[in-house]
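These are the residues of each chain, in order.
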Amino acid sequence: MSEESKSKYINNFRLYNRATYAFFLILVLLIRGSDITKSIFFLVYYLAVFVFLFAFDEFVFKDRKNKFPALFFQIRTYVHVVLVATGGIFINIPTVFYGALFLYIIYIIGQDLIFTDVFNTFMNYTKRVSLGLYTGLTMCVLQFRDTITGVWMLISFMALIIVAASFVFMYICYYNSISVYDDRYTKLYFKNADMIAENKKLLKFQERVEKVNNEINYQKINLTKANDDLAKINEETRSLIDVMKYFAASFDVEKNAHVMLQNVVNIKETGAVALYIDKDVYMNEEPYLEIISDNAVAESLLKQDISNIYDAIKKRKSVAPLVLCDNYDFKYPFLTGGNMCNAVVFPAYENDYVYGVMVVTSSKYDFFENGYAFYESSIMDFTSALISDRLYLQTEDMAKKDGLTKIYNRIYFNKFYPELKEEVAASGDTFTVCMLDIDHFKNVNDTYGHLAGDEVIKTVAKFDNEFAKKYDGTAVRYGGEEFLLILRGKGVEETLKILQELHAKIKENVVYYEDFEIKINSSMGIASYPETCSDINDVLDRSDKAMYYSKEHGRGRITIDGREGEEYK
């Protein structure tokens, strides 16, 4: 029997035994009080016996795990049977009490059988036979000793044997029952053990299935994320291809820059993106800057700091991206003060030479967690296009501009001038052409040499080009020492003031060549449509005539078409 079952039975028997002891104490008092027996010994003996048995049981059943009480439990059956039956040796027990005692002994023997763990042993058989003989002797034979004579003595011994045999029989029946139940229990136990083993296998299998399912779900999540990432990469790749196609069809660096920045904004949903290109990178005389931003503060900060950022990148001497701000952690004193969570600088470089920077900012947390590949690809594609554009612009520039002065040449003038006249005529704008000639230029060549003459020509061309840019005009080297300044939208009086300023600057300038100081002067002529001539096709010719008038009438002066008598310097 399992310890758990024993504990359950012990707790139950403890309660039943207490009730039984109380019952017998009351029964003893009632038998004595009703004069069924007048024996004081009966009263004292059985009251003492049942009080003792109560105390003995409380001790034995107190803790079955304790080895000492367990030893007492082994002899408990002898103690109960012997003490209860022994009273019959000294007195005749009342019949009603006799029957109760006999049933009590069977009750005690039943408890012993229940708690017997080992069956079919010599000690167990001896125990049952000895208890049966002693009980039969003391309770059967001695109880009726006054009436047994002659042949009844033999019958008494047969009764004694029957009682002992009954105890053994009861033990054997219980043993056989227990054996049957034990066999069933063993089969059920092993069957249950097999089921438990199978359940464990099923649990392990279930755990594996759950683990596999979790892995599958995790893989599904990763696959979904991978698909999303792949879709995003495909979108980015397609956008880069579209931008490259645009680059291939355009030779305008600034338009290409705008398209590249707009693509970055559209694909990555940036807060602000800016591109800064240093001067003289693609024949640009001033640095180029474009900013696309949804935040006026960010745009203002980029305008303020972009040149300093470029300088810091050049000093760093590295083409790797530079993190300015990482999740509100500003690592450099740039762009602080705006709502920027992340900001990264991507150098624009050609053969390790950094010519510009692209700055990307965002107010989103972990904005650059997927890396910088898209931005680096964008700036590299732009650089490749810029190299091609620059070569094209240089080639085109060589065709359009004079090799010595770097301003537009006569060939390009002959191409764009007719188109310009058509536009002006169609728009109704004022249109003024100024022609100037270097005075005594032949003397410069003869006196100082042609190289000195080239320096003089370059100086005058430089001033002509400066004023063209300053007043939104066009400078042209029309002949050897002849130049044009074409001004659209400006009348005679406004143009006269511009030419007076230009004339003074040329006259005040000294050309230094080797050890020589060469002073120069110029003659100029102005013709304007529609102020001085009604036909726009006559403007160039009339300005030329006005210039020759200046040369023929003293040089170093300005002549206005139709007002030749007026002298301006």
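Quick note: structure is the one above.
Attention in this report is confined to the structure presented alongside it.

What counts and what doesn't
- Residues numbered from 1 in each chain as written.
- Predicted model: local features only at pLDDT ≥ 70, side-chain atom pairs only at ≥ 80, totals over all residues.
- Heavy atoms only, no water.
- Axes fitted to C-alpha atoms, helices over the stretch in contact; angles between N-to-C directions.
- Helix = DSSP H or I, 4+ residues; strand = E, 2+ residues; numbered from the N terminus.
- Parallel < 35°, antiparallel > 145°, perpendicular 65-115°, else oblique.
- Contact = heavy atoms within 4.5 Å.
- Phe/Tyr/Trp six-rings, centres within 6.5 Å; stacked < 30°, edge-to-face > 60°.
- Buried < 20%, exposed > 50% of the residue type's maximum accessible area, 1.4 Å probe, protein only.
- Lys NZ or Arg CZ within 6 Å of the ring centre and 35° of its normal.
- Salt bridge = Lys/Arg side-chain N within 4 Å of Asp/Glu carboxyl O.
- Core = buried A, V, L, I, M, F, W, Y, C linked by side-chain atoms within 4.5 Å.
- Polar contact = N/O pair within 3.5 Å; in protein donor to acceptor, adjacent residues only side chain to side chain.
- Pairing = 2+ DSSP bridges.
- Right-handed = clockwise from strand over helix to strand, strands pointing away.
- Patch = residues over 30% accessible without salt bridge, like charges linked within 9 Å, V, L, I, M, F, W, Y side chains within 5 Å.
- Areas by Shrake-Rupley, 256 points an atom, 1.4 Å probe, with all protein chains shown as cover.

So, the packing of helix 11 (residues 441–448) against helix 12 (residues 450–470)
Working step 1: One way to put it is that helix 11 packs onto helix 12 with a least axis distance of 7 Å and a crossing angle of 140 degrees. If you check the angle between helix 11 and helix 12, you find them oblique. Seen from helix 11, the contacting residues are Phe-441, Val-444, Asn-445 and Tyr-448; seen from helix 12, they are His-450, Ala-452, Gly-453, Val-456 and Ile-457.

A look at the packing of aromatic side chains
Working step 1: A complete count under the given rule lists 32 aromatic pairs for this structure.
Working step 2: Geometrically, the ring pair formed by Tyr-21 and Phe-54 is edge-to-face, given 6.3 Å between the ring centres and 85 degrees between the ring planes. With Tyr-21 in helix 1 (residues 3–33) and Phe-54 in helix 2 (residues 40–60), the pair connects residues that are 33 residues apart, well separated along the chain.
Working step 3: For Tyr-21, a relative accessible area of 2% translates into the label buried.
Working step 4: Pairwise contacts between aromatic rings join Tyr-21, Phe-23, Phe-24, Phe-41, Phe-42, Tyr-45, Tyr-46, Phe-50, Phe-54, Phe-97 and Tyr-104 into one cluster.
Working step 5: The ring of Tyr-408 carries Lys-401 above its face, with NZ or CZ at 5.7 Å from the centroid.
Working step 6: Over the face of the ring belonging to Tyr-478 we find Arg-410, whose NZ or CZ atom lies 3.7 Å from the ring centre.

Let's talk about the pattern of salt bridges
Working step 1: Going through the model one piece at a time under the given rule, you end up with 20 salt bridges.
Working step 2: With a shortest N-O distance of 3.8 Å, Asp-35 and Arg-32 are connected by a salt bridge.
Working step 3: Taking relative accessible area as the criterion, Asp-35 reaches 45% and is therefore assigned partly exposed.
Working step 4: The partner of Arg-488 in a salt bridge is Asp-429, and the shortest N-O contact between them spans 3.0 Å. Linking Arg-488 in strand 9 (residues 482–488) with Asp-429 in the loop between helix 10 (410–427) and strand 7 (431–438), this pair joins segments that are 59 residues apart in sequence.
Working step 5: Sharing partners across several salt bridges, the network here consists of Glu-423, Asp-429 and Arg-488.

As for the nonpolar core
Working step 1: Core analysis: the biggest nonpolar cluster contains 34 residues, and Val-456, Phe-483, Leu-485, Leu-499, Leu-502 and Ile-518 have the highest contact counts within it.
Working step 2: Here Leu-499 is in contact with Cys-434, Leu-485, Met-524, Ile-526 and Ile-558, once residues within four sequence places are set aside.
Working step 3: Of all hydrophobic cores here, the second largest spans 32 residues; its members include Val-243, Ala-257, Ile-292 and Leu-386.

With respect to the side chain of Glu-236
Working step 1: Tracing the backbone shows Glu-236 in helix 6 (residues 151–249).
Working step 2: A polar contact is formed between the side chain of Glu-236 and the side chain of Lys-268, at a distance of 2.6 Å.
Working step 3: Among residues more than four places away in sequence, those in contact with Glu-236 are Ile-267, Lys-268 and Phe-374.

Quick word on the sheet that holds strand 13 (residues 558–560)
Working step 1: Taken in spatial order, the six strands of this open sheet run 8-9-7-12-13-14, and their pairing is mixed. Each of the sheet's edge strands pairs with one partner strand only, and the pair in question is strand 8 (474–477) and strand 14 (563–568). Along the sheet, successive strands turn relative to each other by an average axial angle of 20 degrees, direction set aside.
Working step 2: As defined by bridge partners, strand 13 adjoins strand 14 across two bridges and the pair is classed as antiparallel. Within strand 14, the residue paired with Ile-558 across the bridge is Tyr-568.
Working step 3: Strands in contact with helix 12 are strand 7, strand 8 and strand 9; relative to strand 9, the strand with the most contacts, it is inclined by about 0 degrees.
Working step 4: Sheet contacts for helix 14 (residues 539–552): strand 7, strand 9, strand 12 (522–529), strand 13 and strand 14; angle to strand 12, the most-contacted strand, approximately 150 degrees.

Observations concerning the pairing of strand 12
Remember that side chains alternate between the two faces of the sheet whenever the strand is regular.
Working step 1: With eight of eight residues buried, strand 12 lies mostly within the body of the structure.
Working step 2: A two-sided burial pattern is seen for strand 12, the buried positions comprising Ser-522, Met-524, Ile-526 and Ser-528 on one face and Ser-523, Gly-525, Ala-527 and Tyr-529 on the other.
Working step 3: Pairing of strand 7 with strand 12, which is carried by eight bridges, proceeds in the antiparallel orientation. Directly across from Phe-431, in strand 12, lies its bridge partner Tyr-529.
Working step 4: Note that strand 12 and strand 13 share three bridges and pair parallel. Within the sheet, the bridge partner assigned to Gly-525 lies in strand 13 and is Thr-559.
Working step 5: In the classification by handedness, the crossover that spans strand 12, the intervening helix 14 and the parallel strand 13 is left-handed.

A few points about the environment of Gly-489
Working step 1: Topologically, Gly-489 is positioned in the loop between strand 9 and helix 13 (492–508).
Working step 2: In sequence terms Gly-489 and Tyr-529 are 40 residues apart; their C-alpha atoms lie 9.9 Å from each other.
Working step 3: Beyond its immediate chain neighbours, meaning those up to four positions away, Gly-489 contacts Thr-430 and Glu-494.

Description of the sheet that holds strand 4 (residues 329–330)
Working step 1: Strand order in the open sheet formed by six strands is 2-1-6-5-3-4, and the pairing between neighbours is antiparallel. Of all strands in the sheet, those with a lone pairing partner are strand 2 (288–293) and strand 4, marking the two edges.
Working step 2: Sheet analysis places strand 3 (residues 322–326) next to strand 5 (residues 342–350), joined by three bridges and oriented antiparallel. Looking at strand 5, one finds that Leu-322 is bridged to Val-345.

Details of the pairing of strand 8
Working step 1: What you see with strand 8 is no split at all: Thr-474 and Val-476 on one side and Ala-475 and Arg-477 on the other are buried throughout.
Working step 2: Where strand 8 lies against strand 9, four bridges are found, and the strand directions are antiparallel. Residue pairing across strands places Val-476 opposite Leu-484, the latter belonging to strand 9.

Topic: a nonpolar patch on the surface
Working step 1: A surface patch of nonpolar side chains, about 280 Å² in accessible area, is lined by Phe-41, Ile-89 and Phe-90.
Working step 2: Structurally, Ile-89 is set in helix 3 (residues 67–90).
Working step 3: For Ile-89, a relative accessible area of 36% gives the class partly exposed.

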